[in-house]
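Coordinate inspection notes
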Amino acid sequence: MKTSRRTRTAETTPRIRRGRRWIARRRTALISSALRGAAYATGAGIVGLGFYLLRQQI
């Protein structure tokens, strides 16, 4: 019985290894996105804190 290419690939490559290869290929994009998100969150927090402090002064 002939198996499909996808089935053979899934059988020969464990799911975790495929996930690690996917992450390794996209590591730069993932790190860039994480840093951008952290920067936006930090900026939003600082602005929010500034408005909070401003409101406390009024």
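Residues numbered from 1 in each chain as written. Predicted model: local features only at pLDDT ≥ 70, side-chain atom pairs only at ≥ 80, totals over all residues. Heavy atoms only, no water.

1. Quick notes on the overall build of the chain
Regarding its fold elements, the chain presents 3 helices and 0 strands. Beginning at the N terminus, the succession of helices and strands in the chain can be written as α-α-α. For the chain, buried positions account for 2% of its 58 residues. Accessible area for the chain stands at about 5800 Å²; split by element, carbon and sulfur atoms hold 60% of it. (Helix = DSSP H or I, 4+ residues; strand = E, 2+ residues; numbered from the N terminus. Buried < 20%, exposed > 50% of the residue type's maximum accessible area, 1.4 Å probe, protein only. Areas by Shrake-Rupley, 256 points an atom, 1.4 Å probe, with all protein chains shown as cover.)

2. Thoughts on a nonpolar patch on the surface
Together, V47, F51, L54 and I58 make up a nonpolar patch on the protein surface, roughly 480 Å² of accessible area in all. Examined against the element boundaries, V47 turns out to sit in helix α3 (residues 27–57). Overall, V47 belongs to the partly exposed group, its relative accessible area being 48%. (Patch = residues over 30% accessible without salt bridge, like charges linked within 9 Å, V, L, I, M, F, W, Y side chains within 5 Å. Salt bridge = Lys/Arg side-chain N within 4 Å of Asp/Glu carboxyl O.)

3. Observations concerning a positive patch on the surface
Residues R17, R18, R20, R21, R25 and R26 make up a contiguous surface patch of positive charge. Along the chain, the position of R25 falls in helix α2 (residues 15–25). (Lys, Arg positive; Asp, Glu negative; His and termini not counted. Charge placed at Lys NZ, Arg CZ, Asp CG, Glu CD.)

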